[in-house]
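# Structure assessment
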Amino acid sequence: MPRASHGAAIDAIESISSREGIDCDFERLDGFLFLDPSDRQESLRRELEATRRAGIATELVARAPLGSFDTGPCIRFPRQGQFQPLKYLAGVGKAIMQNGGEVYTQTHADRITTSGVATSGGLVAAQKIVIATNAPIVDRTSRVYNRQIAYRTCVIAASIEKGAVAKALYWDTGNHRTKNAVAPYHYVRLQELEGDRDLLIVGGEDYEVGAGGEEKRYARLESWAKKRFPIGETQYRWSGQVLEPLDGLAFIGHNPGDRDNVFIATGDSGNGITHGTIAGMLLTDLILGRKNEWAALYDPARKMKKPYSAGPQAWSPAKKKDKKQVQGALARIRAGSGMVIERRGNGPIAAYRNQSGTLHSYSAVCTHLGCTVAWNDAEKSFDCACHGSRFSYAGKAVNGPAGADLAKQGDKGKADDKPEH
């Protein structure tokens, strides 16, 4: 069933881009899954058997079509899809508006109820509401936040000579547990450019939000890529939020605990574009009262194993500082950097010094369920390890489930809900 829905989503993207005349570089190409050096051939064999049971026309080949390094035996997945997502979304947005739809951006949703959305610009009444915000920002009733784990995935884009890498999708069997740790996962694709150079996009080194060490992860990712591909200078780098459901399947459907007019789409496991398309088809059917064969599979209210749980103290700094130590720590913060400091007798501080040298401080208590955030030096953000909420260096909420900003230092602050733990 997941195979059928994912295949239908790829077909739908191809059809939409063709029908609406969207020039988004869509093309069909092969995907190759190869072994991480720390993994065993048994993993590849099990994966091949699983694809066969799912009805996927895979085959085992001697190696991926790469001249720069020998992947060894790998699985070929035919007729995968690749396209430029921003071009596609721009085209879809244009098509929506041409067909009478309306698209609004740069509007903060302060509160969502069954009757509409309260925004920074006023109330928007709605009969049907879809929360497609990566992490749901309405979860008091559904509590989806403790049924999935938030990760960051790192990505670099490096210059490479045209023709140096065969156009295909490549990924390894990382993300398996070795004796002492979880082996990192990597994925690779090519983005063609005009001229004699292209971009090789390499991602991976996923880690749980708030774990720290972001700069080292980028360095390891670049090192991994340079050992395997003839890349030049790294021109871009970024990271993205990946929500992993405990059972590996996305949550698409009615928001548990709400009335039937509130829907959610989350838990994309790094397949957000595919899942977004699945959600568009599935939720359309639910909204129109039609049956959909995928509804039970992705039902957010489905039974799962014991929910993941992280308490407010789980990632708090262990050593609390007195007033003099806090002042000393604040003075040591460099321009363009931040820090989270635990204080004796007071709540933790999230502090950031801007490039002009001015220090700004906020409460380091996440406004979702009261956990302590951590500083992310690569993204210049304050991240919550409990459920993946993220805040900019200016304390602004940028990723749910938190919807409210961090309280400015001196404010009492208020969380969206009381901690359960």
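### Brief notes about the overall build of the protein
Each helix and strand counted, the protein has 7 helices and 21 strands in total. Relative to the globule expectation of 22 Å for 421 residues, the C-alpha radius of gyration of the protein, 23 Å, shows essentially globular dimensions. When burial is assessed residue by residue, the protein has 45% of its 421 residues classed as buried. Accessible surface, the protein: about 21800 Å² in total, of which carbon and sulfur atoms supply 50%. Counting 56 positive and 48 negative side-chain charges, the protein places the centres of these two groups 7 Å from one another.

### A word on the sheet that holds strand S14 (residues 262-266)
One open sheet holds the 3 strands; their spatial order is S7-S14-S13, and the pairing between them is mixed. This sheet does not close on itself; its edge strands, each paired only once, are strand S7 (129-131) and strand S13 (251-254). Along the sheet, successive strands turn relative to each other by an average axial angle of 10 degrees, direction set aside. As paired strands, S7 and S14 are joined by 3 bridges and run parallel to one another. Bridging from a neighbouring strand, Ile129 pairs with Val262 of S14.

### Notes on the pairing of strand S19 (residues 381-384)
Two faces, one strand: in a regular strand the side chains alternate between the faces of the sheet. Side-chain alternation along S19 places Ser381 and Asp383 on one buried face and Phe382 and Cys384 on a second face that is also buried. Inspection of the sheet shows strand S18 (residues 373-376) paired to S19 by 4 bridges, in the antiparallel sense. Bridge pairing in S19 places Val373 opposite Cys384. In textbook terms, the turn of a hairpin is the stretch between consecutive antiparallel strands, and for S18 and S19 this stretch comprises 4 residues, one of which, Lys380, has a positive phi near 55 degrees.

### Re the sheet that holds strand S20 (residues 390-392)
The sheet built from 4 strands is open, its strands ordered S18-S19-S20-S21 with antiparallel pairing. If you trace the sheet from one side to the other, it starts and ends with S18 and strand S21 (397-399), each paired once. Going from strand to strand, the sheet's axes swing by 35 degrees on average, the running direction of each strand aside. Bridging between S19 and S20 involves 3 bridges; their strand directions are antiparallel. Bridging across to S20, Asp383 finds its partner in Arg390.

### Let's talk about the pattern of salt bridges
In this structure the tally under the stated criterion is 21 salt bridges. A single network of salt bridges, built from pairs that share partners, joins Glu42, Arg45, Arg46 and Glu49.

### Brief notes about the nonpolar core
For soluble globular proteins, the rule of thumb is that nonpolar side chains tend to be buried together. Ranked by size, the top nonpolar core spans 26 residues in total, and within it Tyr170, Leu200, Val202 and Phe229 carry the most contacts. Among the secondary structure elements, those contributing two or more residues to this core are strand S1 (27-34), strand S8 (148-161), strand S10 (186-191), strand S11 (197-208) and helix H4 (214-228). Those residues within four positions of Val202 in sequence are excluded, and the remaining contacts are Cys154, Val155, Ile156, Tyr187, Val188, Leu221, Trp224 and Ala225.

### Topic: the state of the cysteines
Taken as a whole and judged by the stated rule, the model has 1 disulfide. The partner cysteine of Cys371 in its disulfide is Cys386, sulfur to sulfur 2.1 Å. Linking Cys371 and Cys386, the disulfide has an S-S dihedral of approximately -100 degrees and is accordingly described as left-handed. Of the two residues, Cys371 sits in the loop between strand S17 (359-363) and S18 while Cys386 sits in the loop between S19 and S20, which places them 15 residues apart along the sequence. Overall, the relative accessible area of 4% leaves Cys386 in the buried class.

### Examining H4
Counted at 1.5 Å a residue, the expected span for H4 with its 15 residues is 21 Å, and the 22 Å between its end C-alpha atoms agrees. Of the residues making up H4, those classed as buried are Glu214, Arg217, Tyr218, Leu221, Trp224, Ala225 and Arg228. Burial along H4 is one-sided: seen end-on, the buried residues are contained in an arc of 125 degrees. What points out from H4, more than 90 degrees from its buried face, is the exposed set Lys216 and Lys227.

### Considerations on the side chain of Ser392
Structurally, the position occupied by Ser392 is in strand S20. Accessibility expressed as a relative area gives 18% for Ser392, which makes it buried.

### Some details on helix H3 (residues 85-98)
End to end, H3 covers 20 Å across 14 residues, agreeing with the expected 20 Å (1.5 Å per residue, within 8%). Listing the buried residues of H3 in full gives Tyr88, Gly91, Gly93 and Ala95. Backbone nitrogen of Leu86 and a side-chain oxygen of the N-cap are separated by 2.8 Å at the start of H3; the cap is Gln84. Directly beyond the C-terminal end of H3, a positive phi value near 95 degrees is found at Gly100.

### Re unusual backbone geometry
Following Gly400, the chain continues into Pro401 via a peptide bond in cis, with omega recorded as 15 degrees. By secondary structure assignment, the location of Pro401 is in the segment after S21. Non-glycine residue Asp25 carries a positive phi angle of around 60 degrees. Mapped onto the elements of the fold, Asp25 is located in the loop between helix H1 (2-19) and S1. Classification of Asp25 as partly exposed rests on a relative accessible area of 33%. Even without being glycine, Gln106 reaches a positive phi, approximately 55 degrees.

### Quick notes on the pairing of S17
One ladder, built from 5 bridges, connects strand S16 (residues 346-353) with S17; its direction is antiparallel. Pairing of Ala350 across the sheet is with Tyr362, part of S17. In this structure, the hairpin formed by S16 and S17 is closed by a connection of 5 residues, where Gly357 is found at a positive phi of approximately 100 degrees.

### Section: a nonpolar patch on the surface
Taken together, the side chains of Ile96, Met97 and Val103 present a nonpolar region at the surface, about 260 Å² in accessible area. Examined against the element boundaries, Val103 turns out to sit in the loop between H3 and strand S4 (109-113).

Rules used in this analysis
- Residues numbered from 1 in each chain as written.
- Predicted model: local features only at pLDDT ≥ 70, side-chain atom pairs only at ≥ 80, totals over all residues.
- Heavy atoms only, no water.
- Helix = DSSP H or I, 4+ residues; strand = E, 2+ residues; numbered from the N terminus.
- Rg over C-alpha atoms; globule rule 2.2 N^0.38 Å.
- Buried < 20%, exposed > 50% of the residue type's maximum accessible area, 1.4 Å probe, protein only.
- Areas by Shrake-Rupley, 256 points an atom, 1.4 Å probe, with all protein chains shown as cover.
- Lys, Arg positive; Asp, Glu negative; His and termini not counted.
- Charge placed at Lys NZ, Arg CZ, Asp CG, Glu CD.
- Pairing = 2+ DSSP bridges.
- Axes fitted to C-alpha atoms, helices over the stretch in contact; angles between N-to-C directions.
- Salt bridge = Lys/Arg side-chain N within 4 Å of Asp/Glu carboxyl O.
- Core = buried A, V, L, I, M, F, W, Y, C linked by side-chain atoms within 4.5 Å.
- Contact = heavy atoms within 4.5 Å.
- Disulfide = S-S within 2.5 Å.
- Expected span 1.5 Å × (residues − 1).
- Arc of directions from axis to C-beta.
- Polar contact = N/O pair within 3.5 Å; in protein donor to acceptor, adjacent residues only side chain to side chain.
- Patch = residues over 30% accessible without salt bridge, like charges linked within 9 Å, V, L, I, M, F, W, Y side chains within 5 Å.

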